[in-house]
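# Structural overview for review
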Amino acid sequence: MRNVRVIAKLEVKPPNLVKGIQLEGLRKLGNPNDFAVKYYKQGIDEIIYEDQIASLLGRNGILDIIEKTTDNVFVPITVGGGIQSVENVSDALRAGADKISINSAAIQNPSILKDIAKRFGSQCLILSIQAKKQTNSWEPYYDCGREHSGLDAIEWAKLGEQLGVGEILLTSIDQDGTKKGFDIELIRKVTDSVSIPVIASGGMGSCDDIFQAISKGKADAVAIAHVLHYDLFTTAQIKKYCMNKGINIDNYNEDLL
Amino acid sequence: MKNVLIIDYNVGNIKSVQRALEHIGANVTISSNPKEIERASKVILPGVGAFNSAMKEIDKLKLRKSILKFVATKQPILGICLGMQMLLDSSEEFCEEDPQPGLSIISGYSTKIPIKKIDQNQLKLPHIGWSKLHIENQRTKLFKDITDKDSFYFVHSYMSIPSDSNCLTANSKYGDNRITAAIQQDNVYGVQFHPEKSGQSGLKLLSAFLQL
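Let me begin by describing the structure that accompanies this report. (Residues numbered from 1 in each chain as written. Chains lettered and ligands numbered in written order. Predicted model: local features only at pLDDT ≥ 70, side-chain atom pairs only at ≥ 80, totals over all residues. Heavy atoms only, no water.)

### As for the side chain of Asn52 of chain B
All names here are of chain B. Residue position: Asn52 is located in helix H3 (residues 51-60). Residue classification places Asn52 among the buried positions, given a relative accessible area of 9%. A polar atom in the side chain of Asn52 sits 3.1 Å from the backbone nitrogen of Gln100. (Helix = DSSP H or I, 4+ residues; strand = E, 2+ residues; numbered from the N terminus. Buried < 20%, exposed > 50% of the residue type's maximum accessible area, 1.4 Å probe, protein only. Polar contact = N/O pair within 3.5 Å; in protein donor to acceptor, adjacent residues only side chain to side chain.)

### Looking at the interface of chain B and chain A
The interface of chain B with chain A comprises 36 residues on the first partner and 41 residues on the second. Summed over both partners, the interface of chain B with chain A comes to about 3200 Å²; 49% of that surface belongs to carbon and sulfur atoms. Inspection of the chain B/chain A interface yields five salt bridges. Of the charged contacts, one joins Arg19 of chain B and Asp71 of chain A as a salt bridge, the two residues approaching to 3.4 Å between their closest N and O atoms. Counting the contacts that link chain B with chain A gives 22 residue pairs in polar contact (both at pLDDT 80 or more). For the side of chain B that touches chain A, the secondary-structure elements that each account for two or more residues are helix H1 (14-23), strand E8 (121-122), strand E9 (127-132), strand E11 (151-156) and helix H6 (199-210) of chain B. Residues of the side of chain B that touches chain A, tallied by class, amount to 13 nonpolar, 14 polar and nine charged. (Contact = heavy atoms within 4.5 Å. Buried area = accessible area lost by both parts, 1.4 Å probe. Salt bridge = Lys/Arg side-chain N within 4 Å of Asp/Glu carboxyl O. Nonpolar A, V, L, I, M, F, W, Y, C, P; charged D, E, K, R; others polar.)

### Some words on H3 of chain B
Among the 10 residues in H3 of chain B, seven count as buried, and that is most of the element. Where H3 of chain B is buried, its residues touch helix H5 (111-120) of chain A together with strand E3 (43-45), helix H4 (64-72), helix H5 (82-86) and strand E5 (90-91) of chain B.

### Digging into the sheet that holds E5 of chain B
All names here are of chain B. In spatial order, the strands read E5-E6-E12; together these three strands make up an open sheet with mixed pairing. Looking at the sheet topology across the chains shown, the edges are occupied by E5 and strand E12 (158-162). Judged from the five bridges that link them, strand E6 (residues 108-112) and E12 form a sheet pairing that is antiparallel. Of the residues in E12, the one forming a bridge with Lys112 is Tyr158. (Pairing = 2+ DSSP bridges.)

### With respect to the sheet that holds strand E13 (residues 168-174) of chain B
Residue and element names in this part refer to chain B. Here we have eight strands laid out as an open sheet, ordered E2-E1-E3-E4-E15-E14-E13-E10, and mixed in their pairing. A strand with exactly one partner marks an edge of an open sheet, and here the two such strands are strand E2 (26-31) and strand E10 (134-135). Judged from the two bridges that link them, strand E1 (residues 2-7) and E3 form a sheet pairing that is parallel. Its bridge partner being in E3, Leu5 is matched across the sheet by Val43. H1 rests against E1, E2, E3 and strand E4 (77-80) of the sheet, and its axis sits at about 160 degrees to E2. (Axes fitted to C-alpha atoms, helices over the stretch in contact; angles between N-to-C directions.)

### Considering the nonpolar core
Grouped together as the largest cluster of nonpolar side chains are 114 residues, with contacts concentrated most on Ile47, Tyr49, Ile102, Leu113 and Ile168 of chain A together with Leu21 of chain B. Core analysis: the second largest hydrophobic core is formed by 28 residues, Leu5, Ile37, Ala40 and Val71 of chain B among them. (Core = buried A, V, L, I, M, F, W, Y, C linked by side-chain atoms within 4.5 Å.)

### Focus: the pattern of salt bridges
Opposite charge on two side chains lets them pair, provided their charged atoms get close. Taken as a whole and assessed by the stated rule, the structure comprises 25 salt bridges over all chains. Among the ionic pairs, Arg19 of chain B bridges to Glu67 of chain A, the shortest N-O distance being 3.5 Å. Linking Arg19 of chain B in helix H1 with Glu67 of chain A in helix H2 (residues 62-72), this pair reaches from one chain into another. On the accessibility criterion, Arg19 of chain B (8% relative accessible area) is buried. For the salt bridge of Asp8 of chain B with Arg94 of chain A, the shortest nitrogen-to-oxygen distance reads 3.3 Å.

### Considering the pairing of E4 of chain B
All names here are of chain B. Neither face of E4 is left uncovered, since the one carrying Ile77 and Gly79 and the one carrying Leu78 and Ile80 both have all their residues buried. Both E3 and E4 contribute to a ladder of three bridges, which runs parallel. The residue of E4 that forms the bridge with Val43 is Ile77. The pairing of E4 with strand E15 (residues 188-191) spans four bridges and is parallel.

### Concerning the environment of Ser111 of chain A
All names here are of chain A. Within the element layout of this structure, Ser111 appears in helix H5. On the basis of relative accessible area, Ser111 is assigned to the partly exposed category, the value being 36%. The spatial distance from the C-alpha of Ser111 to the C-alpha of Leu163 is 7.3 Å, given a sequence separation of 52 residues. A polar side-chain atom of Ser111 sits 2.8 Å from a polar atom in the side chain of Asn109.

Here it is in structure tokens:
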């Protein structure tokens, strides 16, 4: 069986870590670097930063946070929010990011995905899909959930794969921050449609939610925010639960429990 | 102070490698200067990205010769991920368009990881995730502090096949596939995983490299 990753998703409004519900009502939680270090020490597999205000080029923006985090956190770090060009990707990688995730710019100009994949490789390119449930489908939203794309989330994921994306970060806007569990149906529809890894995000409230996202949704990784930020679980506790349920997790250290 | 030079060829996550090395006490120089590379005491060839564009950058910066000259000094060099694949002769990555030759320091090539069905779940590419190492050559100094508790972060779609199986120092498993995790030929080391992104396990391995 494949190995599954547990990823911490840190939404930031530089210089602060924030968290909202359904991408709205962001609350300040503190210094993102402190949270990143805490999760690193708990044995997190990766960290995803999502910048809510596209501060890529500004002073004291997301790149400064990345620089600080990479001083003492040695797991893969993804940066998303505000990437508009190949140059932006280069800047983010130079600041210490390992991957970038892209949403708005790709919806406006899908060929940017191809350009980035060709220049830096698929492995550093994540397509972030923030989807909202419609009657019989899911629609990707962008600009922090403010704009709707008119696309179909499943078709968009397939196109992303064709254009060279290495992973999909799939967030259910409906579930985000609610602790009501992942949108398993959405996750399964996407994992059945693409052959690249899918990171499920939005809605974790219990360890069993993760188990469902992996076993029923076939997610390759889960990105969690709320339950970690509010200390409801530690990374090690989550991993232990999943391993007891028969899920393969290679990066696990009993001592961290 | 342990000195190490990271080759900067406009591709890749140099900062991550730099910070990991500095964290364990190295004095890091980042350079794309051929003379500086030739004179270095230890070299790291990092790598994230696409093989062809990486080799093009190496040639554009006229670094091919200086890397070979450095290797001839018998000082240690470590290729990371794509950097390891670049040590070989060639790669099948995007080879339909303008294929670039590798550095040919170790004989071999890279090919796409074959996809098979496992446990009813199709293997995904890129292979992204943490894996333990199966060490083939216990005498490899790079692994001196690595135990079966250590795991490492992999992210790649291509795997290296060295021509001489004696060069293969560690494997890892991905589904049914055995993936070349590390290679070595004399003073030339390569790892497919990212030690700079593998937490404490990776820092231990980088420390061992600094002690070579």
